[in-house]
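Examining the three-dimensional arrangement
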Amino acid sequence: MTLWHGRFSGQMDQAMADYTVSLPFDRALATEDLLGSAAHVEGLVHVGLLTQDEGTSLLQALETVAQELASNSFLFDPSDEDIHTAVERRVTELAGPTGAKLHTGRSRNDQVATDLRLWTKRELRELEEDVLEVCRVLEQSATAAGATYLPGYTHVQRAQPVLLAHHFLAHGWALLRDVDRLRECRERLDVSPLGAGALAGSSLPLDPDFVAARLGFARRFENSMDAVSDRDFVAEALFDLAMIGIHLSRMGEELVLWSSEEFGFCTLDDGFSSGSSMLPQKKNADAAELARGKSGRLIGNLTGLLVTLKGLPLSYNRDLQEDKEPLFDSVRQVRLGLRAIAGAYSTLTIHGTVMQRAADGGSIAAIDLAEYLVLQHVPFREAHSIVASLVRKSIDEGVSLGDLVVAHPQLGADAAALLQPGVAVTRRTTPGGAGPAPVALQLDRFRAAIESARR
Ligand code: ARG
């Protein structure tokens, strides 16, 4: 029997029940549902709608339910539509007639919104730690990279040499922005909807501020209709998670490229690679590929929810039940992905000589020649053209750029020295640049930023 059977004379059709049930996935909210119910009971006692004794017996029943759920001895009933009805049914079995007072002044509409905000707040807090862990791995990799340099790419064409540490930290700053976003999302969602009722509040003397404080929310809702229909926080969390997923995807793509024979920049640890069932020699970067692949479903979860929300009239509609599965899925997938990518990066073997060889050859330091001319008061556009012609000539005639530079009246041996291996990267001296001096500073600032995010 459902909690709302009084209005009906007929039974719910099984096809309807199968389609609408949410218990298989909203069981994940059990802890939050019990917390919300306990705060609600305390609120009812606080305003005199329950006696102390009634409150105590309901809290005891809630405690028993918590133990039963924790020990997997909680018996779900086929009539349990969702975790909220399951808990209330069991509390009523345990506390007798007092159990029937649990839902006083409350609706599942404010209840589920409360549960989901509590759940999201906690999960995003924990997830922040996982993101920071990847930042820490990148910081360690950057520290270990020392003076190693590699080609920096634009358009996947070798562009300029950069320190490997600089490259690692580029990913690190992106992830620190994610930490920031998660924190801001948590702050914005820190609003208690409890006391909004079905949509309009109550004729009973409820105290939403009291229950909000009990649940550790920063504040209560301002508008009961908004309270039960607002899922902005879910969409925002899904965006933040998709963004993390995209960052992981880009890091993963890089591991795929770098570990290929074509690049040969790194070797993945066996623990973070997989083999081929047919080709004996294969060692594949599957975790990195899945970081790339799973970003698709993270983006799908976000767009799916946005579409669900877009046409909904105020206030609660059952459509809103579709908020949970994408959120649970994205949180779980991103947490797994963060751990896998942290592991893959922290166990990576870097082939510094290969990287540096790729960054030493040809005309990768051509801009240094142009800037040499700029310092001789040649206008930049003219300098660019002089060096570009030399590069073209070197390719067309198969002579080394260095020889052409030495022979050039405006360049000469001093300029040619800029093309020597390892020189160009040391000349990136501007703040935030890719050379040793700014990168050392950047590393300090990155460490400090991790520390401040931790606090
Ligand atoms: N399982 C529902 C959900 O997730 C709970 C709220 C149901 N409310 C209602 N009026 N049917 O949204």
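Here, every reference points to the structure presented above.
Worth saying up front: this structure is predicted, and the values here are computed from it rather than measured. (Residues numbered from 1 in each chain as written. Predicted model: local features only at pLDDT ≥ 70, side-chain atom pairs only at ≥ 80, totals over all residues. Heavy atoms only, no water.)

Some thoughts on the overall build of the protein chain
- Helix and strand content of the protein chain: 19 helices and 6 strands.
- A compact globule built from 455 residues would reach a C-alpha radius of gyration of about 23 Å, whereas the protein chain, at 30 Å, exceeds it by more than 25%.
- Projected onto its principal axes, the C-alpha positions of the protein chain cover 100 × 55 × 40 Å.
- Residue burial in the protein chain is summarised as follows: out of 455 residues, 48% are buried.
- For the protein chain, long-range pairs separated by at least 24 residues make up 75% of all intrachain contacts whose partners lie at least 6 apart in sequence.
- For the protein chain, the accessible area works out to roughly 22200 Å², and carbon and sulfur atoms hold 54% of it.
- In the protein chain, 44 side chains carry a positive charge and 61 a negative one; their mean positions are 3 Å apart. (Helix = DSSP H or I, 4+ residues; strand = E, 2+ residues; numbered from the N terminus. Rg over C-alpha atoms; globule rule 2.2 N^0.38 Å. Buried < 20%, exposed > 50% of the residue type's maximum accessible area, 1.4 Å probe, protein only. Contact = heavy atoms within 4.5 Å. Areas by Shrake-Rupley, 256 points an atom, 1.4 Å probe, with all protein chains shown as cover. Lys, Arg positive; Asp, Glu negative; His and termini not counted. Charge placed at Lys NZ, Arg CZ, Asp CG, Glu CD.)

Let's talk about the side chain of Glu81
- Checked against the element boundaries, Glu81 lands in the loop between α4 (52–70) and α5 (83–95).
- Overall, the relative accessible area of 9% leaves Glu81 in the buried class.
- Among the polar contacts listed, one links the side chain of Glu81 to the side chain of Arg108, at a separation of 3.4 Å.
- Aside from chain neighbours lying at most four places away, what touches Glu81 is Thr2, Trp4, Val21, Ser22, Leu23, Arg108 and Arg318. (Polar contact = N/O pair within 3.5 Å; in protein donor to acceptor, adjacent residues only side chain to side chain.)

A short note on the environment of Leu338
- With respect to the helices, strands and loops of the structure, Leu338 is situated in helix α12 (residues 324–346).
- For Leu338, a relative accessible area of 0% puts it in the buried group.
- Excluding residues that lie within four positions of it along the chain, Leu338 makes contacts with Leu127, Asp130, Val131, Val134, Ile244 and Leu248.

Observations concerning the site of the ligand
- Around the ligand lies a shell formed by Ser22, Asp26, Asp82, His84, Arg108, Asn109, Val112, Tyr316, Gln321 and Lys324.
- Ser22 places a polar side-chain atom, nitrogen or oxygen, 3.2 Å from a nitrogen atom of the ligand.
- In the model, a nitrogen atom of the ligand is placed 3.0 Å from a nitrogen or oxygen of the Asn109 side chain.
- About the coverage of the ligand: the protein hides 86% of its 340 Å² of free accessible area.
- At 3 residues, helix α6 (residues 108–145) tops the list of elements feeding residues into the shell around the ligand. (Near = heavy atom within 4 Å.)

Concerning the environment of Gly296
- As for its position among the elements, Gly296 is in helix α11 (residues 286–310).
- Spatially, the C-alpha atoms of Gly296 and Ser394 are 44 Å apart, while their sequence positions differ by 98 residues.

Quick look at the packing of aromatic side chains
- With the rule as written, the count across this model stands at 8 aromatic pairs.
- The interplanar angle of 55° and the centroid separation of 5.9 Å between the aromatic rings of Tyr153 and Phe263 together place this pair among those described as tilted. Highlighted residues: Tyr153 in strand β1 (residues 149–154) and Phe263 in the loop between α10 (232–258) and β5 (266–267), separated in sequence by 110 residues.
- By relative accessible area, Tyr153 is classed as partly exposed at 27%.
- A centroid spacing of 5.1 Å and a plane angle of 75° characterise the contact between Trp173 and Phe446, whose relative ring orientation is edge-to-face. Here the residue Trp173 occupies a position in helix α7 (residues 164–189), and Phe446 occupies one in helix α19 (residues 436–454), the gap between them amounting to 273 residues.
- Taken together, the ring pairs in this structure connect Tyr153, Phe168, Trp258, Phe263, Phe265 and Tyr345 into an aromatic cluster.
- Above the plane of the ring of Phe8 lies Arg7, whose end atom (NZ or CZ) is 5.6 Å from the centre. (Phe/Tyr/Trp six-rings, centres within 6.5 Å; stacked < 30°, edge-to-face > 60°. Lys NZ or Arg CZ within 6 Å of the ring centre and 35° of its normal.)

A word on the side chain of Arg335
- You can see Arg335 is positioned in helix α12.
- Residues in contact with Arg335, not counting those within four places in the same chain, are Glu123, Glu126, Leu127 and Asp130.

Observations regarding α11
- An ideal rise of 1.5 Å per residue puts 36 Å on 25 residues; α11 measures up with 36 Å between its terminal C-alpha atoms.
- The complete set of buried residues in α11 reads Ala288, Ala291, Ser295, Leu298, Asn301, Leu302 and Leu305.
- Against α10 and α12 lie the buried residues of α11. (Expected span 1.5 Å × (residues − 1).)

Geometric descriptors of this kind do not, in isolation, establish any biological role.
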